Amino acid sequence: MTTTKFVDIDFSRIESDRMRLNVGPQHPSTHGVLRLEVELDGEVVTNVIPHIGYLHRCFEKIAENMNYQQVIPYVDRMDYISSMNNELPYVMAVEKLMGIKVPEKVEYIRVIMAELNRIANHQIAVATFGLDAGAFTPFLYLFRDREYILWIFEKATGGRLLFNYFWVGGLANDVYPTFKEDVLNIVKQVRKTNKEIEELLIYNKIFIDRTANVGVLPADVAINYGCSGPVLRGSGVPFDLRKAEPYSIYDRFDFEIPVGKGEVGTVGDCWDRNIVRMREMEQSCRIIEQAIAQMPDSGDVQSAIPKKVRPPKGEVYFRCENPKGELGFYVISDGKDKPYRVKGRAPSFVNLSVLPEISRGYLFADLIVILGSIDIVLGEVDR
Amino acid sequence: METFNVFEKLLGQNILSALISVLLPLVFLIIYALIAILGELKISAWIQERLGPMRTGPYGILQPLAEVIKLIQKEDIVPAGANRLLFNLAPYVIFAGSFAGFAVIPFTAAFVPAEINIGLFYVFAVGAFAVIGIVMGGWASNNKYSLLGAMRSASQMISYEIPGALVILSAAVLANSLDMQKITALQDGGFWNWFLFGGPGGWSKIWILPFTLLLSLIYMITSLAETNRTPFDIPEGESELVAGYHTEYSGMKFAMFFFAEYSNMFIVAAILTVVFLGGWTSPFGSFMSGYWWGIFWFILKAMFIVFIQIWLRWTLPRVRVDQLMYLGWKILLPFALVCFVVISLYRIIY
């Protein structure tokens, strides 16, 4: 079927009774405590108003009363699905402020951990997206694989979700001896499962019918709203900070930026956003393999950790490619051991703002799919 | 094998034989529902590489019983602003609709609860009854999600009932009867006599073989929609409507909905078995055939269809409400119509 929008009408000019439906904060598919005020005409969505703030934990205010190191666990709790990726821009911002150069081995471990966490994040994103479309089994297959990745994290850091592993200038501890073999096994397993998921879910006719041509986000709208990550790349814009302004050691690796091409529908539809995540997992696997091959065996991961983290006066903005998009931290230092101000630019928050724009005129069932394709984490939206 | 009601023959046509004829399907339904729930739990677990329930009894086989006990203990909540009468009535209307279908299900040559000569028509008519219960429950709940689910169910029903009815009509033309016992008896003598493979007759049936295969596929698809199961569980689509029309139900009333769903699954499986898979007849001629073996074959075939329903549920995503209607009206209906015309022509010629 090739319907673009279910109804393509300017709803502001039609007088009819609308139903106001309150979706969430307790609803199976709002991915957390998001509340959506949905205006329905029959089953057609005429307007969506997201209400956020149910998980607001004053991250930015707390950060003003903490040491620079003590902020790291709070950063973990922003996007709790990809904590490693959250820690990276924060510690790199502070390092940039202090002018610290971290050892080679630390850089490699950071990249491997961040990419592993990216895979884990995309697995959840694809799994819950399938769940939103009604497919339950791929969800469990992907969660099983994510569990293997969490085992590596647990062995290396002691935590499954919230690690506090990247420290300013180094790492909390070195990786364990069989780390490399474990990671390479994971890469194999991820590739195997992704093949299965493509057959079971991604190229399933029903799944394509549900997601192709739904929630089309044109590239210009995506850029105007400041979208980033797979949401932006799904619309065909090849913008990835790992390539655009390589940080850490990403310039040493050979990988591609997958973009949405409208393979089964229109460029920028839900299917495209999802396939970008699937392909990014493969690219992350490639990066991990190269990093494992290049990683130096010896080296002290804590040699560059300063005794006192007391950056000089100044301010810095550092951004990284989070699995969900561009995560940036703006840190102002007034020369004390506590930051004067830490501001997080959360990709989920920015990406969520595009939801009303792309869901008007679709059916209510599509709204859930569109929300799933944006892949938000409420911990990061509310902070 | 001749067909008759064994209880009427033994006890005469009195209240006792009638009571047994009614109670026996009910007892069967309860036992079947427990087995099917366990099957659903275990099969879904195996598909998803889990173990499923393991704590209640050996390999968790007592899990369905535990769940029934849990549901009985739960508080019976009627939401504020609900229409109490309709809210309380709806689960029983749905269950009555699906249980009434058991009246004409021929379990074996010697037993069918009510032997009426328009059995297929009857079972379709009472099957449509369930949607009244769904709309009642959805409307009376005073919940927008329930209402949306009920509306979806009502619109869904029309789009799948019509192709489904055409399939049954084709089968009736082929069998020259609406009596489920007669249709079954016609297919006696081996699986090549099943209506799935063109029904009894000489080599001329090769002309309609592809059409009967197609018809059984169409009926399989519409039966999935009738039972509100994935990929057509649109009225209760969990990720969208929480639980659809039974969002507000708890305790035993919810159990009645659950029960009705499983009973419905068996009804549609039984119709498919009777019409296309030869009902209680043995697939291998006179091998293992007889009144007792009839029960075995019938339940085996029906449970296989139930297994397919469970299998599909845990494999496929859900279609959207307009896509189901597209499927019903624009794909299944024309195909069913073509099959109907071809089979009618075949009946006229041969």
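Before any of the text, the structure's been laid out above.
A short tour of the structure in this document, coming up. By convention here, each chain's residues receive numbers from 1 onward along its written sequence. Chain letters and ligand numbers both follow the written order, the letters beginning at A and the numbers at 1. Restriction of local features to residues with pLDDT of at least 70 applies here, the model being predicted, together with a cutoff of 80 or more for giving and counting side-chain atom pairs; totals for whole chains, interfaces and linings are based on all residues.

**Section: the interface of chain B and chain A**
Note: interface size is frequently given as the accessible area lost on complex formation between the parts. Contacts between the two partners involve 22 residues from chain B, matched on the other side by 27 residues from chain A. Those elements giving two or more residues to the side of chain B that touches chain A turn out to be α10 (238-241) and α13 (321-349) of chain B. Numbering of helices and strands runs from the N terminus; a helix is a DSSP stretch of H or I covering at least four residues, while a strand is a stretch of E covering at least two. By residue number, the principal contributor to the side of chain B that touches chain A is α13 of chain B, which donates 4 residues. Under the convention adopted here, Pro, Cys and the residues Ala, Val, Leu, Ile, Met, Phe, Trp and Tyr are nonpolar, Asp, Glu, Lys and Arg are charged, and Gly plus all remaining residues are polar. Taken together, the residues of the side of chain B that touches chain A break down into 9 nonpolar, 6 polar and 7 charged. Note on contacts: residues are paired as contacts if their backbone-placed C-beta atoms lie within 7 Å.

**Focus: the environment of A125 of chain A**
Residue and element names in this part refer to chain A. Residue position: A125 is located in helix α4 (residues 104-132). When the C-alpha atoms of A125 and R277 are compared, they prove to be 7.9 Å apart, with 152 residues separating the residues in sequence. What A125 contacts, discounting residues up to four positions off in sequence, is R277 and D375.

**Points about the packing of helix α3 (residues 83-98) of chain A against α4 of chain A**
All names here are of chain A. Think of each axis as a best-fit line through the C-alpha atoms, taken over the contacting stretch in the case of a helix, with angles from 0 to 180 degrees between the N-to-C directions. Look at α3 against α4: their axes get within 7 Å of each other, and the N-to-C directions meet at 135°. When the axes of α3 and α4 are compared, the pair comes out oblique. For α3 against α4, the interelement crossing comes out left-handed. On α4, the residues that touch S83, M84, N85 and L88 of α3 are R110, M113, A114, N117 and R118. Partitioning the contact of α3 with α4 into residue classes produces 4 nonpolar, 3 polar and 2 charged. Roughly parallel means an angle under 35 degrees; roughly antiparallel means over 145; roughly perpendicular covers 65 to 115; every other angle is labelled oblique. We call a crossing left-handed when the near helix sits turned anticlockwise from the far one by less than a right angle, and right-handed when that turn is clockwise.

**Examining the pairing of strand β7 (residues 325-333) of chain A**
Residues and elements named next belong to chain A. For every residue, the other C-beta atoms within 10 Å of its own C-beta are counted; 20 or more classify it as buried, 12 or fewer as exposed, and values in between as partly exposed. C-beta atoms are placed from the backbone. With 7 of its 9 residues buried, β7 lies for the most part within the structure. Should DSSP find at least two bridges between two strands, the strands are taken to pair. Of the pairings in the sheet, the one linking strand β6 (residues 314-322) to β7 comprises 9 bridges and is antiparallel in character. Across the sheet, G314 pairs through a bridge with S333, a residue of β7. Here β6 folds back onto β7 in antiparallel fashion, the turn holding 2 residues. In terms of strand pairing, β7 meets strand β8 (residues 341-345) through 5 bridges, oriented antiparallel. Across the sheet, the residue bridging to F329 is G344, located in β8.

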